[in-house]
Amino acid sequence: MKTDTQEKTIGPQSTMQQVLDSAVTETLLYHKQTKHHFHRYARSAGFLDWANQPNPFRFYEGVTAVRLPLLQKDPPAWPKQSASGVSIKPLRRGEGPASEHLALYERSRNAFQDFTRETIGAFLELSLGLSAWKSIPGSSWALRMNPSSGNLHPTEAHLILPALPGVTAGIFHYNSFLHALEPRALVPETLWQQIKEHFHTDGFLVTLTSIFWREAWKYGERAFRYCQHDVGHALAALSFSANLLGWKVTWLNAVSDEEIATLLGFNQTQWPEFESEHPELLCFVHRSGEPRIPRDLPTEIVSKFSGLEFQGTPNQLSKDHVDWEIISRVAEATAKPRSREGAFAASVRPGLPDTARPFYAPTAQSGIPAAQIIRQRRSAVAFDGLSSLNKDQFCTMLDKTLPRDACAPFDLGLTVSCVHLLLFVHRVTGLEPGLYFLLRAERDLPVLQQKCHRHFLWSPMDGAIPLYLLQTGDFQSTATSVSCQQSIAGDGAFSLGMIARFREELEAAPCRYRHLFWETGMIGQVLYLEAEAQGARATGIGCFFDDPVHELMGLPDDAYQSLYHFTVGGPREDARLATIAAYDHLAR
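The rules behind the values
- Residues numbered from 1 in each chain as written.
- Predicted model: local features only at pLDDT ≥ 70, side-chain atom pairs only at ≥ 80, totals over all residues.
- Heavy atoms only, no water.
- Helix = DSSP H or I, 4+ residues; strand = E, 2+ residues; numbered from the N terminus.
- Buried < 20%, exposed > 50% of the residue type's maximum accessible area, 1.4 Å probe, protein only.
- Contact = heavy atoms within 4.5 Å.
- Areas by Shrake-Rupley, 256 points an atom, 1.4 Å probe, with all protein chains shown as cover.
- Lys, Arg positive; Asp, Glu negative; His and termini not counted.
- Charge placed at Lys NZ, Arg CZ, Asp CG, Glu CD.
- Axes fitted to C-alpha atoms, helices over the stretch in contact; angles between N-to-C directions.
- Parallel < 35°, antiparallel > 145°, perpendicular 65-115°, else oblique.
- Left-handed = near helix turned anticlockwise from the far one by under 90°.
- Nonpolar A, V, L, I, M, F, W, Y, C, P; charged D, E, K, R; others polar.
- Pairing = 2+ DSSP bridges.
- Core = buried A, V, L, I, M, F, W, Y, C linked by side-chain atoms within 4.5 Å.
- Polar contact = N/O pair within 3.5 Å; in protein donor to acceptor, adjacent residues only side chain to side chain.
- Expected span 1.5 Å × (residues − 1).
- Disulfide = S-S within 2.5 Å.

Visitor: Looking at this structure, I do not really get the overall build of the protein chain. What am I missing?
Guide: Each helix and strand in the protein chain was counted, giving 17 helices and 23 strands. If you line up the protein chain on its principal axes, its C-alpha atoms span 75 × 65 × 55 Å. Residues classed as buried in the protein chain amount to 59% of the 588 residues present. Within the protein chain, contacts between residues at least 6 apart in sequence are counted, and of these 81% link residues at least 24 apart. Carbon and sulfur atoms make up 53% of the accessible area of the protein chain, which totals about 23300 Å². Of the side-chain charges in the protein chain, 55 are positive and 63 negative, and the distance between the mean point of each set is 3 Å.

Visitor: Would you mind going over the packing of helix α4 (residues 212–219) against helix α5 (residues 223–244) with me for this structure?
Guide: Pairs of packed helices are described in terms of their axes, by the angle between the two and the distance that separates them. The geometry of α4 relative to α5 is characterised by a closest axis approach of 8 Å and an angle of 130 degrees between their N-to-C directions. In terms of orientation, α4 lies oblique with respect to α5. Considering how the two elements wind past one another, α4 and α5 form a crossing that is right-handed. The segment α4 lies against α5, with Phe-212, Glu-215, Ala-216 and Tyr-219 engaging Ala-223, Phe-224, Tyr-226, Cys-227, Gln-228 and Asp-230. Tallied by class, residues from the contact of α4 with α5 come to 7 nonpolar, 1 polar and 2 charged.

Visitor: Help me out: how do you make sense of the sheet that holds strand β2 (residues 66–67) in this one?
Guide: Sheet strands associate in pairs through backbone hydrogen bonding, adopting either a parallel or an antiparallel arrangement. Spatial strand order, β2-β9-β8-β7-β10-β12-β11: 7 strands in an open sheet with antiparallel pairing. Either end of the sheet is taken by a strand with one partner, and the two such strands are β2 and β11 (247–251). Pairing of strand β10 (residues 203–210) with strand β12 (residues 278–287), which is carried by 8 bridges, proceeds in the antiparallel orientation. Bridge pairing in β12 places Phe-204 opposite Val-285. Each of β11 and β12 is contacted by helix α15 (residues 512–533), which is oriented at about 55 degrees to β12, the strand it contacts most.

Visitor: Help me understand unusual backbone geometry, please; the structure alone is not making it clear to me.
Guide: Leave glycine aside and you will find that most residues have negative phi; peptide bonds, for their part, are mostly trans. Following Ala-408, the chain continues to Pro-409 via a peptide bond in cis, the omega torsion being -5 degrees. Following the sequence through the fold, Pro-409 ends up in the loop between α10 (391–400) and β15 (419–425). With a phi close to 60 degrees, His-200 is a non-glycine residue in the positive phi region. By the secondary structure assignment, His-200 is in the loop between α3 (189–199) and β10. For His-200, a relative accessible area of 68% gives the class exposed.

Visitor: What am I meant to see in the nonpolar core here?
Guide: The tendency in soluble globular proteins is for nonpolar side chains to be buried side by side. Among the nonpolar cores identified, the biggest contains 142 residues, and Phe-204, Phe-305, Phe-394 and Leu-423 are the most heavily contacted of them. Ranked by the residues each element gives to this core, the list is headed by α15, at 12 residues. Setting aside residues up to four positions removed in sequence, Phe-305 forms contacts with Ile-160, Ile-171, Val-187, Leu-191, Ile-195, Thr-262, Leu-263 and Phe-310. By size, the runner-up hydrophobic cluster in this structure holds 27 residues, among which are Leu-422, Leu-435, Ile-488 and Leu-555.

Visitor: Explain the pairing of strand β21 (residues 537–541) here, please?
Guide: Looking along a regular strand, one sees side chains alternate from face to face of the sheet. The element β21 is largely enclosed, with a buried count of 4 among its 5 residues. Note that β21 and strand β22 (residues 560–569) share 5 bridges and pair antiparallel. Bridging from a neighbouring strand, Gly-540 pairs with Phe-566 of β22.

Visitor: Quick question: what am I supposed to make of the side chain of His-286 here?
Guide: Mapped onto the elements, His-286 comes out in strand β12. Among the residues examined, His-286 registers a relative accessible area of 2% and is labelled buried. A polar contact of 2.7 Å, which involves the side chain of His-286, links it to the side chain of Thr-250. Those residues in contact with His-286, other than ones at most four positions away along the chain, are Phe-115, Thr-201, Asp-202, Trp-247, Lys-248, Thr-250 and Ile-293.

Visitor: Explain the sheet that holds strand β5 (residues 130–136) to me, please; I cannot follow it from the model alone.
Guide: Taken in spatial order, the 3 strands make up an open sheet running β6-β5-β23, and their pairing is antiparallel. The open sheet has two edge strands, β6 (139–144) and β23 (578–580), and neither has a second partner. Adjacent strand axes in the sheet meet at a mean angle of 30 degrees, parallel and antiparallel pairs treated alike. As paired strands, β5 and β23 are joined by 3 bridges and run antiparallel to one another. For Lys-134, the partnering residue across the bridge sits in β23 and is Thr-579.

Visitor: Just to check I follow, could you spell out the environment of Arg-225 for this structure?
Guide: Positionally, Arg-225 belongs in helix α5. As a C-alpha pair, Arg-225 and Tyr-30 span 195 residues in sequence and 9.9 Å in three-dimensional space. When neighbours within four sequence positions are excluded, Arg-225 is seen to be in contact with Tyr-30, His-31, Thr-34, Lys-35, Tyr-513, Phe-517, Phe-544 and Asp-546. A polar contact is formed between the side chain of Arg-225 and the backbone oxygen of His-31, at a distance of 3.0 Å.

Visitor: Which parts of the structure should I look at to understand α15?
Guide: Because the α-helix completes a turn every 3.6 residues, residues three or four places apart line up on one side. With 22 residues, α15 should reach 32 Å at 1.5 Å per residue; the first-to-last C-alpha distance of 32 Å fits that figure. Across the 22 residues of α15, 22 count as buried, placing the element largely inside the fold. Two residues or fewer after α15 comes Gly-535, characterised by a positive phi angle close to 80 degrees.

Visitor: Mind showing me how you'd approach the state of the cysteines here?
Guide: Should the sulfur atoms of two cysteines be covalently bonded, the bond is a disulfide. One pass over the full model with this rule turns up 1 disulfide. Each disulfide pairs two cysteine sulfurs, and for Cys-484 the partner residue is Cys-543, the sulfurs being separated by 2.2 Å. On the sign convention where negative is left-handed, the bridge of Cys-484 and Cys-543, at about -90 degrees about the S-S bond, is left-handed. Of this pair, Cys-484 sits in the loop between α12 (476–482) and α13 (488–491) while Cys-543 sits in the loop between β21 and α16 (546–553), and the two are 59 residues apart along the sequence. Cys-227 carries a free sulfur, and the closest cysteine sulfur to it, the one in Cys-543, is 16 Å from it.

Function cannot be read off these values alone, since they describe shape.
Here is the structure:
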């Protein structure tokens, strides 16, 4: 017989478990319903309502924007100063600034730049700023440093800054069209001092939010997935840009979505219907190499933001909307609660300590400056069906997707790696065409071998990276078929599906559904930049037939799921398009 005390203890625990179970069920239902199948696609409007295409730029009206300077010269990575003040040149091929290729990743290559209005501008320009405009007679559209599904850009960024020359301490929205900070609230000096004391170092906070409607306008109920991909793209872009300035982005994984909304004054914001911004994550940007950074923001600090006075009215993006209720439900089910902070080291292959794991094939690294690689990134529209990569280039690209401590972008603390790459190799000299697998987390190998087809070989291909041959053969038509019949998946040098440890992660915490997509987006941004570095081009593929991919692998259940597809090859350019400089509109 239970006592009253036992009832009081068991009751809330039971209720919490029921809430968790309900959230898991809702999330799994969303994922299942939004799968594409050979016989049907996930629901969407079925046509493009061009009259209601969302404005790709959010403005907070009624505020005076603080213009940020554009870079006149991209940040060099050396000379880096040692503790004694002596310049150290990193070991590398050739001469000149070490802002080449590996400076995107290795933190040891980049000198610290002070936090100023100019460096904040550089950080945002090289991560979320415009990269160019494309135009044809009668139409033009902006491209950005960070990729986005359908170039619709649901991701917004807000910064919480200390007082800097030319910038008052406050909360700002980043407007990429103006390359400017839109002030939303002032942060008292005493409050900022509390933040600084908590982190024990200088720095600032940056948040990412999503406007689901921007993607739902085109993609319907599957849009929530694509918004999460784009959070991952943007998160990696922020990490790379910060690294070039000698900074590091650390995810504050203890903070809840509701607390982020409080920090940004969203409860005081009048949103146009269906166009609200949903909090995704909060990060602290600080000097690279700082000792352990707390992964939380105390509730007593967060609560003080509710007393701030916020200004600015978000602009309306579309006149009319379609209510995709299923997106609202999965957003609620996957909302992140406050949790204990966690510190996650990069996954290391047994017997090979991270410090002894150099990047693959130094001779295959690119000499293109890191910032130029960021600026020239484009999403391929079509491939020539002829261009190839060699094995060193291929393995160099894959190697960059493996998490390493003290290397961008995967050292920001997103949790342990859960995503692997199923590779369709078409045109890689030195490798037989076939089906391959890049294992990004060692713990999954026995389970995957047990669940996948028995005829898969699982033959290790290279001791430097965990690449396995599953089956030789021509998989061009298969890659095209499972990627919604898109020829770009078969016309490149290779394509891939990102296979995530799924059910276990969701049952532990439904918010991990979003985090899995973030990880795939981060991998995607790495591959985008690596393709450019190797003289190729890449593009993400959000449209794929989910379960046929699982059947191709022999996966019998939802323990693992394919969450994002990608392809790399030689681009076929459209000669009709003209390119205009990114901020030419400001100059005019």
